[in-house]
Amino acid sequence: MNKTKKWLLIIATIFVILGIGYDIFYIVSYFMTPVAYRPTLFYIIYEFIAFCFMISVAVMMIYVLWGNGKYFRSRYRYFVTSLIISICINLFSVSTILMIISIYFNDSIFVFPKQDSNDKNIVDITPENTASEKEMKIQALRKMKEEGKITEEEFQNELLKLL
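Residues numbered from 1 in each chain as written. Predicted model: local features only at pLDDT ≥ 70, side-chain atom pairs only at ≥ 80, totals over all residues. Heavy atoms only, no water.

(A) The arrangement of unusual backbone geometry in detail. Phi at asparagine 68 is positive, roughly 65 degrees, even though this residue is not glycine. Tracing the sequence through the fold places asparagine 68 in the loop between helix H2 (41-65) and helix H3 (76-89). (Helix = DSSP H or I, 4+ residues; strand = E, 2+ residues; numbered from the N terminus.)

(B) Structural context of the packing of H3 against helix H4 (residues 94-103). Where H3 contacts H4, the two axes come as close as 9 Å, and the packing angle between them is 140 degrees. By the angle between their axes, H3 is oblique relative to H4. Every pair of crossing elements has a handedness; the one defined by H3 and H4 is left-handed. Listed contacts from H4 to Phe79, Ser82, Leu83, Ser86 and Ile87 of H3 are Ser95, Thr96, Met99, Ile100, Ser102 and Ile103. (Axes fitted to C-alpha atoms, helices over the stretch in contact; angles between N-to-C directions. Parallel < 35°, antiparallel > 145°, perpendicular 65-115°, else oblique. Left-handed = near helix turned anticlockwise from the far one by under 90°. Contact = heavy atoms within 4.5 Å.)

(C) Spotlight on H4. Of the positions making up H4, those classed as buried are Ser95, Thr96, Leu98, Met99 and Ser102. On an axial view of H4, the arc spanned by its buried residues comes to 165 degrees, and they lie on one face. Buried residues in H4 make contact with helix H1 (3-32), H2 and H3. (Buried < 20%, exposed > 50% of the residue type's maximum accessible area, 1.4 Å probe, protein only. Arc of directions from axis to C-beta.)

(D) Quick peek at the layout of surface pockets. For the largest pocket, the calculated volume is near 280 Å³. What lines the largest pocket is a set of 14 residues, and nearest its centre among them are Gly19, Asp23, Met54, Asn90 and Ser93. Listing elements by their share of the lining of the largest pocket, those giving two or more residues are H1, H2 and H4. Residues of the lining of the largest pocket, tallied by class, amount to 8 nonpolar, 4 polar and 2 charged. (1 Å grid on protein atoms, 1.4 Å probe; cavity = no way out; pocket = protein on both sides within 12 Å on 5 of 7 lines; lining within 4 Å. Points joined across faces, edges and corners; volume = space filled by probe spheres on them. Nonpolar A, V, L, I, M, F, W, Y, C, P; charged D, E, K, R; others polar.)

(E) Region of interest: the side chain of serine 86. With respect to the secondary-structure elements, serine 86 resides in helix H3. By relative accessible area, which is 1% here, serine 86 ends up buried. A distance of 2.5 Å separates the side chain of serine 86 from the side chain of threonine 96, its partner in a polar contact. Ignoring anything within four residues of it in the chain, the contact list for serine 86 reads Val57, Leu91, Ser93, Ser95, Thr96 and Met99. (Polar contact = N/O pair within 3.5 Å; in protein donor to acceptor, adjacent residues only side chain to side chain.)

(F) Region of the structure containing the pattern of salt bridges. Per the counting criterion, the structure on display carries 3 salt bridges. One salt bridge in this structure joins glutamate 147 and lysine 149, with 3.3 Å as the shortest N-O distance. One salt bridge connects lysine 161 with glutamate 158, and the closest N-O pair in it is separated by 3.6 Å. Taken together, the residues span about one helical turn, with lysine 161 and glutamate 158 both in helix H6 (residues 152-162) at a distance of 3 residues. The class for lysine 161 is exposed, based on a relative accessible area of 65%. (Salt bridge = Lys/Arg side-chain N within 4 Å of Asp/Glu carboxyl O.)

Listed below in C-alpha cells is the structure:
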C-alpha cells in the first residue's frame, strides 16, 4: 500500500474512533436528559445500532492497516465491508469520504532503482530496451550459426530460451 492511501485510511480510522466517542456521548446524554425532553426511543435505538456498526468498522479498519498496510491486498474484503457499512450508516461523514477517496489511489508500491551516472551495472528495464537486447542476442546467435560456431539445433535451443 502506498503512503497516500495508508494515511487516508489512518485518518479515516481516527475519525471513525472519534465518531464512536460522539455516539457514546449522545447515548449517555440521552439518558441524562429528563424523560419529558427526550426524543423518541427510535433515535436512541438507531444511535445504539450505529454505535455497534461503527465499532465493527473501526475494528476492520485497524485489522486492514495492521502491519503497516503490508497485508492490505489480502485483507481488502474487510476494507470493502467497512466502507459499505460506513456508507450505509453515514454517507457524508469524514471517515466515509476519506475511505471513498482512498479507493482511487493505487495500493501498489513502485520501487525504482537509484541510477548513478557512474554505475555501468544498472540496466534500464523498459520494454524497448529488453526487446533491443533480445534482438542483439538473436543477431549474435545468427552470426555464430553462419560462422559455423554452433549447429542449427543449438541455435534453435538458444532461440527458444530467449523467447
